[in-house]
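# Descriptive analysis of the structure
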Amino acid sequence: MKVTIERFTKNAFPQLGIVSLDEVPFCFLLELPDKNNEKLVSCIPSGKYICRRTFNRKTTGRLLIDTTFEVLKVPNRSGILFHVGNYMKDTNGCILLGQRVDFEKFCVLDSTKAFTQFITKTRDVNEFLLEIYESRF
């Protein structure tokens, strides 16, 4: 399985984008602004990464996640997970999934539903390739 993230906001803005599974748009995402990959305050750089299924993980905000995926080998970073959350305050560098976007508030909505569907769609996958890139528009 290949998962792509196309970000359509830039630089100091929260990163909003589309997550596609095998080139089919699936949901939206929210990440922190681009602050040169600084731990806990930045999105991860554009590029290609391997993501591996992981179990019983806690976010830095102490949210326990039964099953999710961790983005591996991000330079100078670790513990980057896909998880539930709607606002920038809900992440310290992880990827939040949502079914809708509020561009005025820079947030994703219906996150629990999107994350649950993501885990369901990937139930037979233990590892996938993630490609992150900036929108050309």
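Notes on the structure in this doc start here. (Residues numbered from 1 in each chain as written. Predicted model: local features only at pLDDT ≥ 70, side-chain atom pairs only at ≥ 80, totals over all residues. Heavy atoms only, no water.)

## Structural notes on the overall build of the chain
Threshold: Strands here mean DSSP runs of E at least two residues long; helices mean DSSP runs of H or I at least four residues long; both are numbered from the N terminus. Burial here depends on accessible area, computed with a 1.4 Å probe over protein chains only, as a share of the maximum for the residue type. Under 20% is buried, over 50% is exposed, and the range in between is partly exposed. What makes two residues a contact is simply this: any of their non-hydrogen atoms within 4.5 Å.
If you tally the helices and strands in the chain, you get one helix and ten strands. Across its three principal directions, the C-alpha atoms of the chain cover 35 × 30 × 25 Å. Within the chain, the proportion of its 137 residues that are buried is 46%. For the chain, the proportion of contacts with a sequence separation of at least 24, taken over those separated by at least 6, is 49%.

## Let's talk about the environment of F69
Secondary-structure assignment places F69 in strand β5 (residues 64-71). Placed eleven residues apart in sequence, F69 and K58 show a C-alpha to C-alpha distance of 12 Å.

## A few points about the pattern of salt bridges
When the charged atoms of two side chains with opposite charge come close together, those side chains can pair. The condition is simple: Each salt bridge in this description consists of a side-chain nitrogen of Lys or Arg and a carboxyl oxygen of Asp or Glu lying within 4 Å of one another.
Applying the stated criterion across every chain yields a total of seven salt bridges. Look at the salt bridges and you will find they share partners, linking R7, E31 and E134 into a network.

## Points about the sheet that holds strand β1 (residues 2-7)
One key point about sheets: their strands pair by backbone hydrogen bonds, in either a parallel or an antiparallel sense. Applied cut-off: Pairing between strands requires that DSSP locate at least two bridges from one strand to the other. Axis definition: a line fitted to C-alpha atoms, over the contacting stretch in the case of helices. Angles run 0 to 180 degrees between N-to-C directions.
With mixed pairing, the eight strands of this closed barrel are ordered in space as β1-β2-β3-β7-β6-β5-β4-β10. Within this sheet the neighbouring strands show an average axis-to-axis angle of 35 degrees, counted without direction. Across two bridges, the pairing between β5 and strand β6 (residues 80-83) is antiparallel. The residue bridging E70 from the neighbouring strand is L81, located in β6.

## Topic: the pairing of strand β7 (residues 95-98)
Both faces of β7 are covered, namely the face carrying I95 and L97 and the face carrying L96 and G98. Inspection of the sheet shows strand β3 (residues 24-31) paired to β7 by three bridges, in the antiparallel sense. Bridging across to β7, L29 finds its partner in L97. In this sheet, β7 lies alongside β6 in parallel orientation, the contact comprising two bridges. Directly across from H83, in β7, lies its bridge partner L96.

## Section: helix α1 (residues 111-121)
Rules: Note that the arc is computed from the directions linking the helix axis to the C-beta atoms.
Every buried residue of α1 is listed here: S111, A114, F115, F118 and I119. Seen along its axis, α1 keeps its buried residues to an arc of 135 degrees; they face one direction. In α1, the exposed positions angled more than 90 degrees off the buried face are occupied by K113 and K121.

## Some points on the packing of aromatic side chains
The line we're drawing: Note on aromatic contacts: the rings of Phe and Tyr and the six-membered ring of Trp form a pair at centre separations within 6.5 Å, being stacked when their planes are under 30 degrees apart, edge-to-face when over 60 apart, and tilted otherwise.
Taken as a whole and assessed by the stated rule, the structure comprises eight aromatic pairs. Ring geometry for F82 and F118: centres 5.1 Å apart, planes at 20 degrees, overall stacked. Residue F82 is found in strand β6, and its partner F118 is found in helix α1; the two are separated by 36 residues along the sequence. We note that F82, like F118, is buried. By the ring-pair criterion, three or more aromatic residues cluster together here, those being F26, F69, F82, F118 and F128.

None of this, on its own, says anything about what the molecule does.
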